[in-house]
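# Architecture and fold: a report
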Amino acid sequence: MIKTGQRGRIAARNAYWALPYLVPFMLLGAPTASAASCSADTLEQLRSPAEAATRPIEIDCDLTLQKNAVITVPIAFSGSRASGTTMDCNGATLDGTKPKARTIVIRSVQRKDGSWDTPRDIHIRNCTIKGDIRIEGLGHNGEAEKVRESSLTPGHTQRAQSIAPSDIVLSQNRFIANVGTPVYLAPGVTNVIVENSRFTGKTVSAVIYLDAESARNRVIGNTFETSASQREIIAIDGSAENLIEKNTFVNPVKGGVFLYRNCGEGGTIRHQAPQRNVISDNSFRYKDWLAMPAVWLGSRQGVRKYCMTRPTASFGSGASPLDYAQNNRVTGNRLSGGVATFVLNSDANNVVSDNR
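Since this is a predicted model, take the numbers as computed values, not measurements.

Now for the environment of K246. By secondary structure assignment, the location of K246 is in the loop between β23 (243–245) and β24 (248–250). In this structure, K246 is in contact with G221, N222, S280, D281 and N282, ignoring residues within four places of it in sequence.

Per the counting criterion, the structure on display carries 16 salt bridges. Among the salt bridges present, the one from R134 reaches E136, with a minimum N-O distance of 3.4 Å. Relative accessible area serves as the criterion here: at 13%, R134 is assigned to the buried category. Measuring nitrogen to oxygen at the nearest pair gives 2.8 Å for the salt bridge that ties E145 to R148. Of this pair, E145 and R148 both sit in helix α3 (residues 145–151), separated by 3 residues, roughly a single helical turn. The exposure class assigned to E145 is partly exposed, which follows from its relative accessible area of 43%.

Sheet architecture is open: 10 strands sit in the order β2-β5-β10-β13-β16-β19-β23-β26-β29-β32, paired in parallel fashion. Since the sheet does not close on itself, it has two edges, and those belong to β2 (63–64) and β32 (351–353), each with one partner.

Now for the state of the cysteines. Inspection of every chain in the model, using the stated rule, returns 3 disulfides. Two residues share a disulfide in this structure: C38 and C61, whose sulfurs sit 1.9 Å from each other. Here the disulfide of C38 and C61 is right-handed, its torsion about the S-S bond being about 90 degrees. You can see C38 sitting in the loop between α1 (4–14) and α2 (40–46) and its partner C61 sitting in the loop between β1 (57–58) and β2, a full 23 residues away along the chain. Judged by relative accessible area, which is 6%, C61 ranks as buried. Two residues, C89 and C127, share a disulfide whose sulfurs are 2.0 Å apart. Sign of the S-S torsion, about 75 degrees for the bond between C89 and C127, identifies this disulfide as right-handed. Note that C89 is positioned in the loop between β5 (86–88) and β6 (93–95) and C127 in the loop between β10 (120–125) and β11 (128–130), a separation of 38 residues in sequence. Overall, C89 belongs to the buried group, its relative accessible area being 0%.

This paragraph deals with the packing of aromatic side chains. Overall, the coordinates contain 7 aromatic pairs when judged by the stated rule. Measuring from centroid to centroid gives 5.5 Å for F258 and W296, while their planes differ by 80 degrees, and the two rings are edge-to-face. Here the residue F258 occupies a position in strand β25 (residues 257–260), and W296 occupies one in strand β28 (residues 295–297), the gap between them amounting to 38 residues. Comparing F258 with W296, the two get one shared label, buried. Above the plane of the ring of Y184 lies R134, whose end atom (NZ or CZ) is 4.1 Å from the centre. Across from the ring centre of Y260, 3.9 Å away, lies the NZ or CZ of R300, which sits over that ring.

Attention now goes to the confidence of the model for the chain. Averaged over every residue, the pLDDT of the chain is 90; the share at 70 or more is 89%. A low-confidence stretch, residues 1–31 (pLDDT under 50), is modelled with 68 contacts involving residues beyond four sequence positions or located in other chains.

So, on to the sheet that holds β28. Each strand in a sheet pairs with its neighbour through backbone hydrogen bonds, running either in the same direction (parallel) or in the opposite one (antiparallel). Strand order in the open sheet formed by 10 strands is β1-β4-β7-β12-β15-β18-β22-β25-β28-β31, and the pairing between neighbours is parallel. Strands at the two margins of the open sheet, each flanked by one partner only, are β1 and β31 (343–345). Pairing geometry for β25 and β28, over 3 bridges, is parallel. What sits directly across from L259, in β28, is L297.

A word on helix α4 (residues 156–163). The set of residues buried in α4 consists of H156, T157, A160, Q161 and I163. All buried residues of α4 lie within an arc of 165 degrees about the axis, which places them on one face of the element. Against the buried residues of α4 lie β9 (116–117), α3 and β16 (190–195).

Both faces of β25 are covered, namely the face carrying V257 and L259 and the face carrying F258 and Y260. Alignment of strand β22 (residues 234–237) against β25, held across 4 bridges, turns out to be parallel. The residue of β25 that forms the bridge with I234 is V257.

The next thing to look at is the nonpolar core. Of all hydrophobic cores here, the largest spans 58 residues; its most connected members are F77, M87, L94, I104, I208 and I234. Among residues more than four places away in sequence, those in contact with F77 are E58, I59, A82, T85, M87, I104, V105, I106, R107, P119, I122 and I124. Grouped together as the second largest cluster of nonpolar side chains are 8 residues, A206, Y209, A235 and Y260 included.

Moving on, we come to the side chain of N262. Among the structural elements, N262 can be located in the loop between β25 and β26 (278–280). You can call N262 buried: its relative accessible area is 3%. With residues up to four places along the chain from it excluded, the contact list for N262 reads Y209, D237, R270, R300, Y306 and S317.

Phi at N251 is positive, roughly 50 degrees, even though this residue is not glycine. Note on placement: N251 falls in the loop between β24 and β25. Of note in this structure, Y324 is not a glycine but carries a positive phi near 55 degrees. Tracing the backbone through its elements, the reader meets Y324 in the loop between β28 and β29 (329–331). With a relative accessible area of 33%, Y324 lands in the partly exposed category.

What counts, and at which threshold
- Residues numbered from 1 in each chain as written.
- Predicted model: local features only at pLDDT ≥ 70, side-chain atom pairs only at ≥ 80, totals over all residues.
- Heavy atoms only, no water.
- Helix = DSSP H or I, 4+ residues; strand = E, 2+ residues; numbered from the N terminus.
- Contact = heavy atoms within 4.5 Å.
- Salt bridge = Lys/Arg side-chain N within 4 Å of Asp/Glu carboxyl O.
- Buried < 20%, exposed > 50% of the residue type's maximum accessible area, 1.4 Å probe, protein only.
- Pairing = 2+ DSSP bridges.
- Disulfide = S-S within 2.5 Å.
- Phe/Tyr/Trp six-rings, centres within 6.5 Å; stacked < 30°, edge-to-face > 60°.
- Lys NZ or Arg CZ within 6 Å of the ring centre and 35° of its normal.
- pLDDT = per-residue confidence, 0-100.
- Arc of directions from axis to C-beta.
- Core = buried A, V, L, I, M, F, W, Y, C linked by side-chain atoms within 4.5 Å.

This is the structure:
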């Protein structure tokens with residue numbers, strides 16, 4: 001559970017957003033009830049060997065693992081029954097590579113009557129995570145069927161955010177990438193903190209992906225050493241009001257933080273633009289100056305094949321394929337081994353200063 005001190009820390013960080021042109025973070029909701037400790041039966045299930053058809057072990061209790069434990073079965077926090085829980089790995093390893101499955105999923109569940117049951121206030125800490133964490137609401141990604149259907153009518157951003165998990169804290173973890181995206185926030189996810197963690201391993205995707213209609217997430221005090229062979233480290237895809245602060249990026253030759261909006265990929269209209277984000281006081285450490293930008297505001301601007309066949313509408317990417325990566329603030333970042341032009345502003349009305 002998120003205890004009183006943790007809530008105070010989150011609320012204090014939310015106060016950061018009292019900047020002149022930023023929408024303030026909403027305070028967290030009422031505290032959830034304290035979760036009970038996990039039973040011996042749950043612990044025994046977690047010790048089971050993973051098989052190809054292994055279903056995730058559902059966690060709806062406070063869990064502390066043994067320091068040297070290796071858990072190979074996938075883990076899920078599903079619906080409101082998982083709200084208010086803490087998983088402290090105590091240095092244990094969650095290995096999602098055997099079989100290749102989502103290591104951890106935090107997800108909303110649709111009821112039989114069509115309404116949604118949503119988890120909130122979950123804290124995962126002190127874990128070595130081989131694989132990924134996915135946080136999902138209306139769908140598992142921007143092209144999921146329910147996401148696509150919702151996107152075709154006005155009000156999609158509000159619907160996606162009301163359905164998706166929120167107030168999740170991922171702290172002091174080590175993520176070892178295994179080809180995919182170590183931390184993926186699906187459409188509508190809000191108020192997630194990723195802090196004081198280390199990212200290693202190899203991936204062909206982004207290391208952290210903030211998908212369309214997500215907002216008010218914070219990536220603070222992390223070290224990114226992952227070898228990303230094809231993508232930037234952090235993708236801000238139609239996500240707004242996020243804070244990327246005091247992180248260290250080690251030789252991000254394929255890019256550091258890119259802001260853009262996919263223009264109809266998979267038949268989904270992206271409603272929200274990547275706006276009112278703050279990227280500040282980060283350290284980008286280069287071994288090779290032949291690199292993609294550390295920060296790129298407006299990195300796509302409709303230059304994708306699917307933009308030509310996107311669904312059309314009077315809103316979002318249905319009205320224009322452009323990114324509209326505007327009203328963002330990029331300040332005080334350090335580009336060791338790089339040059340000031342590694343911060344590339346390809347859109348309007350952004351504050352870009354003191355990056356060197």
